[in-house]
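What follows is each chain in one-letter form.
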Amino acid sequence: MKVLIPSALRSYTERGETEAGGATLAAMLVDLDRQYPGIRFRMIDEQDRIRRHIRVFVNGEQARDLAQTLAATDEVIIVQALSGG
Amino acid sequence: MKRTNKKRMSANKVAAPRARRTLVLVATRKGAWIYHGDAARKTWRADGPHFLGHNISHMVLDPRDGRTLLAAAKTGHLGPTIFRSTDLGKSWKEAARPPAFAKVADGKVGRSVDHTFWLTPGRAADRDVWYAGTSPQGLFRSTDGGVNWEPFSIINDDPQFREWMGTQQDGTPDGPKLHSIIVDPRDGRHFYIAMSGGGVHESTDGGRTWKTLIHGMDVVEGFGFDASKPAFHDPHCVRLCPTNPDRLYQQNHCGIYRLDRPSETWVRIGRSMPKAVGDIGFPLVPHPRDPDTAWVFPMDGTQVWPRTSPGGKPAAYVTRNGGKTWQRLDAGLPKSQAWWTVKRQCMAADTCDSVALYVGNSGGELWMGRDGGRRWLCIARHLPEIYAVETAAG
């Protein structure tokens, strides 16, 4: 499936769009980390919680649970919630 | 100059090593810089920014090889990591496994590392060993030069330590921290650590068991806090004297202290500071060779705790007799309207024959105090808020 990457994480992917596989959001993130080591921990903490300033959208709807199922045709958008100064 | 220093040097002081070029490593809220000094420490070349936009809590050069740098990093929007360079910052690679707490069972609420706050290289004999302290309080170790990190000792999950650590609300404004990780240079199984809050603790068996070292330390008055409980103690910075590993100094939320082992009672040496200045502050730096000499940089700890230089007049204070007396060192520093905050990792000394101090403030200025802080001059301005300053011989 297509995964859009925010600018803060492009130091890993070196591009704004990539492909990753997986039947769930959790599996997709594992596959993303396999391709780009270290990227998952910047988004997901050691207790498998989505970090405070990270948002994940699947086909335009916010995903809050890593167990959410995915299809190969889905589009996943990872967003950093910019705040602060 | 050499004659003067010989005259000052007493029998228990150690001679300075051969002069080398000095590096000053500056970690800031929005990146890191390396300042390369010339042999006389008169001109400085700025190398940076590294990691522009990242919060860099600490950057340390491995004294065992003089080339490996570790930098503790996060951005406001991403999780924490540690970057590693083996060529003095020319290139960086991220740790494969940054410090992270153990995952808890489903249904339980586990902790996650917000940021790594403190980095300590292991002893010279323990090549590639590093220790890290985190916020919230956690202790981690790497045995491969900082590539992979694992929880170290019982501290992170011990119920008693967890109680002493408290919650986010009990810690410093940007999160409770484990810091001041000290490895006894004579014994790699002998450690000291400090927690804000949570007290000072010692292990003599490689982290298997810990003993609390808080006796003699004061707690905030007026609330009935029990000084025998580590949870009420907030050591800001603990340092071991490099040439006397049985002497520790501490800058605490409630004063300046000295501990001479095997005693287990801290002595409040800050009581001899001028009353108008007080003995509250964040950093403390021991002399690299003279265990009777140490510097502090006091801050205003009155009323709402502005944590700025008392009266808007920044100054370091030095003791040359183990805390019996203190002298003010402010020549060259602003005389008024300078409301500095100098954080606990923001003062360091080099190891040159005539020791210089380096201070970074929250206004992004890096200052050098020549001749043990007797003459101050500004090395850099307009940096982001400075989080940590370290020196190294390059």
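Residues numbered from 1 in each chain as written. Chains lettered and ligands numbered in written order. Predicted model: local features only at pLDDT ≥ 70, side-chain atom pairs only at ≥ 80, totals over all residues.

*Asks:* What's the story with the overall build of chain A in this structure? I'm lost.
*Replies:* Per the secondary structure count, chain A includes three helices and five strands. The N-to-C order of helical and strand elements in chain A reads β-α-β-α-α-β-β-β. Taken against the 2.2 N^0.38 rule, which gives 12 Å for 85 residues, the C-alpha radius of gyration of chain A at 12 Å falls within 12% of a compact globule. Counting only C-alpha atoms and orienting by the principal axes, one finds that chain A spans roughly 35 × 25 × 25 Å. Looking at chain A as a whole, 22% of its 85 residues are labelled buried. Considering only contacts within chain A whose residues lie at least 6 apart along the sequence, 48% involve residues at least 24 apart. (Helix = DSSP H or I, 4+ residues; strand = E, 2+ residues; numbered from the N terminus. Rg over C-alpha atoms; globule rule 2.2 N^0.38 Å. Buried ≥ 20, exposed ≤ 12 C-beta atoms within 10 Å, placed from the backbone. Contact = placed C-beta atoms within 7 Å.)

*Asks:* So what exactly am I meant to see when it comes to the sheet that holds strand 10 (residues 138–142) of chain B here?
*Replies:* Strand pairing in a sheet relies on backbone hydrogen bonds, with the paired strands running either antiparallel or parallel. All names here are of chain B. Reading across from one edge, 8-9-10-11 is the order of the four strands in this open sheet, with antiparallel pairing throughout. Across the chains shown, the open sheet's two edge strands, defined by having one partner strand only, are strand 8 (115–121) and strand 11 (150–151). Pairing of strand 8 with strand 9 (residues 130–135) involves six bridges; the strand directions are antiparallel. The residue bridging proline 121 from the neighbouring strand is tryptophan 130, located in strand 9. (Pairing = 2+ DSSP bridges.)

*Asks:* When you look at helix 2 (residues 25–35) of chain A in this model, what are you seeing that I'm missing?
*Replies:* One full turn of an α-helix is made of 3.6 residues, so residues set three or four places apart face in the same direction. All names here are of chain A. For helix 2, the complete set of buried residues consists of Leu25, Met28, Leu29 and Leu32. Projected down its long axis, helix 2 shows its buried positions confined to an angular sector of 100°, all on one face. Lining the buried residues of helix 2 we find strand 1 (2–4), helix 3 (39–43), strand 3 (54–58), strand 4 (61–63) and strand 5 (75–80). (Arc of directions from axis to C-beta.)

*Asks:* Which parts of the structure should I look at to understand the environment of B:Leu383?
*Replies:* Residue and element names in this part refer to chain B. By the element assignment, leucine 383 lies in the loop between strand 27 (375–380) and strand 28 (386–393). The spatial distance from the C-alpha of leucine 383 to the C-alpha of alanine 27 is 9.9 Å, given a sequence separation of 356 residues. Residues in contact with leucine 383, not counting those within four places in the same chain, are Val26, Thr28, Trp33, Gly364 and Leu366.

Scope: geometric values only; no functional claims are made or implied.
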